[in-house]
Each structure stands twice: as structure tokens, then as C-alpha cells.
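Structural overview for review
Okay, here's what each chain looks like letter by letter:
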Amino acid sequence: METVGRIFGNSTHLKLLLLFYKNKEYFDNITGLTKRLGKSHVTVRKVVNDLVRAGVLREIDIGKSRVVMLNTDSPCTKAVFQFLSEIEKIEEEKRKETPKERLFKMY
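Definitions and limits used
Residues numbered from 1 in each chain as written. Predicted model: local features only at pLDDT ≥ 70, side-chain atom pairs only at ≥ 80, totals over all residues. Heavy atoms only, no water. Pairing = 2+ DSSP bridges. Helix = DSSP H or I, 4+ residues; strand = E, 2+ residues; numbered from the N terminus. Core = buried A, V, L, I, M, F, W, Y, C linked by side-chain atoms within 4.5 Å. Buried < 20%, exposed > 50% of the residue type's maximum accessible area, 1.4 Å probe, protein only. Contact = heavy atoms within 4.5 Å. Patch = residues over 30% accessible without salt bridge, like charges linked within 9 Å, V, L, I, M, F, W, Y side chains within 5 Å. Areas by Shrake-Rupley, 256 points an atom, 1.4 Å probe, with all protein chains shown as cover. Salt bridge = Lys/Arg side-chain N within 4 Å of Asp/Glu carboxyl O.

This next bit is on the sheet that holds strand β3 (residues 65-70). Across the sheet, three strands lie side by side as β1-β3-β2; this open sheet has antiparallel pairing. Only two strands of the sheet have a single neighbouring strand rather than two, namely β1 (27-28) and β2 (57-62). Bridge count for β2 against β3 is six bridges, and the pairing is antiparallel. Among the inter-strand pairings, I60 is bridged to a residue of β3, identified as V67.

We now examine the nonpolar core. Counting residues in hydrophobic clusters, the biggest one holds 23 residues, and the most contacted among them are L16, F20, L33, V48, L51, L57 and V68. Those elements that place two or more of their residues in this core are α2 (12-22), α3 (30-37), α4 (41-54), β3 and α5 (75-96). A per-element tally of this core places α2 first, with seven residues. For L57, the residues in contact, after removing those within four places along its chain, are L16, F20, L51, V52, V68, M69, L70 and N71.

Here G38 shows up in the loop between α3 and α4. The class of G38 is exposed, set by a relative accessible area of 61%. Note: C-alpha distance between G38 and F81 (43 residues apart in sequence) is 23 Å.

Residues I7, F8 and F83 make up a contiguous nonpolar surface patch of roughly 300 Å² in combined accessible area. Looking at the secondary structure, you find F8 in helix α1 (residues 2-8).

Following this line, the structure appears as C-alpha cells:
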């Protein structure tokens with residue numbers, strides 16, 4: 001999602017949101033997320049805490065592990081994912097346009 005990156009930058013918050021947007025059934029612990037995102041444990045913990053407080057993610061205990069997963073019931077999650085979906089549609093339409101069509105849209 002190139003456009004979203006241009007709008008919001010290359011933040012860990014955005015990377016984590018996009019990870020769950022692309023894989024809605026995905027879940028992992030903090031250690032797994034740090035490896036997947038290539039970020040420090042402290043950074044990922046802070047971002048997860050922020051997104052849990054916002055209602056987008058939730059943490060649950062599975063055995064001795066604390067697992068992070070998407071909070072699909074949250075209105076906030078639905079709104080964020082609807083926004084991402086709209087941006088995705090716009091990007092898809094742009095890819096379908098020919099260079100000539102893009103040029104004429106500018107004028």
C-alpha cells in the first residue's frame with residue numbers, strides 16, 4: 001500500500017496495522033511480531049499497547065503466552081480497515097490506467 005505509506009510515513013504503527021489488514025486471522029506474541037517487523041521488543045510493545053488502547057488490537061492469554069490479535073468487533077478497526085480498503089481500490093484503479101489516460105487527467 002504505497003499511497004498509505006506516502007500519507008502516514010513508514011511508521012511501526014502503520015506496518016503493524018498493514019500486517020493485520022493483510023492477514024486478518026493473524027496472531028502472534030510480541031517476540032514473533034518483533035521478528036516479523038524487524039523492530040525492537042520495546043518499540044513493538046509500545047505500538048501494541050497504543051493499538052490495544054485504541055481498540056484495534058487485543059491481547060489474550062493462550063496457555064503461558066500472551067497473544068496479540070485483531071479486535072474485529074471494534075468500530076475503530078472497522079473504520080481504519082474501510083479507509084485502507086478505499087485506498088487499495090484507488091491504487092488498483094490507477095494501475096489499470098494507461099500512461100496516456102493519466103496524462104489527460106492532469107489537464
